[in-house]
Amino acid sequence: MFLPQIQGNEFVPVLGGGSAMVTVKQVAEAAIGALEHGEHGGKYAISGTNMKHKAFFEIIAEVLGQKNTVVQVVDLEQMKPGYIQGDEQAAKEGKEHGIHLELTAEIQNRDAYLDPADTMPILQYNEDDIHAAIVESIKACLE
């Protein structure tokens, strides 16, 4: 879903938030760790690192070979009308997004971060190369 937002575009606007990131390997290790070291019925939010959306989109542009693409953080108030318009267009078509785009904008503008140190020692999963995992995933999508 991210590739079409970047492919062939020289300018890519993003909101200023970020997200916790984790690799598939870390998820697998954490699942085993929960079975072996977790509490019965325990719930564990896992993360390997936190990354701004801008940095994530720059990785995608890099893999696409778009060296001149500018990924720019844009203020929420500037972006919000486009999200609202997307909701209105969906409504005209008799459709609705799972999460209204206007709310999606609010979510994408915040840092949805987790501290890996909160669960990594408990579940005993390892650090991993998030950047390499993102690159590998994008390349697989392009194939």
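Everything here concerns the structure above.
Residues numbered from 1 in each chain as written. Predicted model: local features only at pLDDT ≥ 70, side-chain atom pairs only at ≥ 80, totals over all residues. Heavy atoms only, no water.

Taken in spatial order, the 3 strands of this open sheet run S3-S2-S5, and their pairing is mixed. Strands at the two margins of the open sheet, each flanked by one partner only, are strand S3 (49-52) and strand S5 (111-112). Where helix H3 (residues 53-63) meets the sheet, it contacts strand S2 (18-21) and S3, and its direction lies at approximately 80° from that of S3. (Pairing = 2+ DSSP bridges. Helix = DSSP H or I, 4+ residues; strand = E, 2+ residues; numbered from the N terminus. Contact = heavy atoms within 4.5 Å. Axes fitted to C-alpha atoms, helices over the stretch in contact; angles between N-to-C directions.)

Considering all chains together, one arrives at 3 salt bridges under this definition. The salt bridge involving Asp111 is made with Lys52; its shortest N-O contact spans 2.8 Å. On the criterion of sequence distance, the pair formed by Asp111 in strand S5 and Lys52 in strand S3 is long-range, its members being 59 residues apart. One salt bridge in this structure joins Glu106 and Lys80, with 2.4 Å as the shortest N-O distance. On the criterion of sequence distance, the pair formed by Glu106 in helix H5 (residues 101-108) and Lys80 in helix H4 (residues 76-92) is long-range, its members being 26 residues apart. With a relative accessible area of 33%, Glu106 lands in the partly exposed category. Lys80 gets classed as buried once you look at its relative accessible area, which sits at 15%. (Salt bridge = Lys/Arg side-chain N within 4 Å of Asp/Glu carboxyl O. Buried < 20%, exposed > 50% of the residue type's maximum accessible area, 1.4 Å probe, protein only.)

By the definition in use, this model includes 3 aromatic pairs. Centre to centre, the rings of Phe2 and Phe56 are 5.0 Å apart; their planes meet at 85°, and the pair counts as edge-to-face. Highlighted residues: Phe2 in the segment before helix H1 (3-6) and Phe56 in helix H3, separated in sequence by 54 residues. The exposure class assigned to Phe2 is partly exposed, which follows from its relative accessible area of 31%. (Phe/Tyr/Trp six-rings, centres within 6.5 Å; stacked < 30°, edge-to-face > 60°.)

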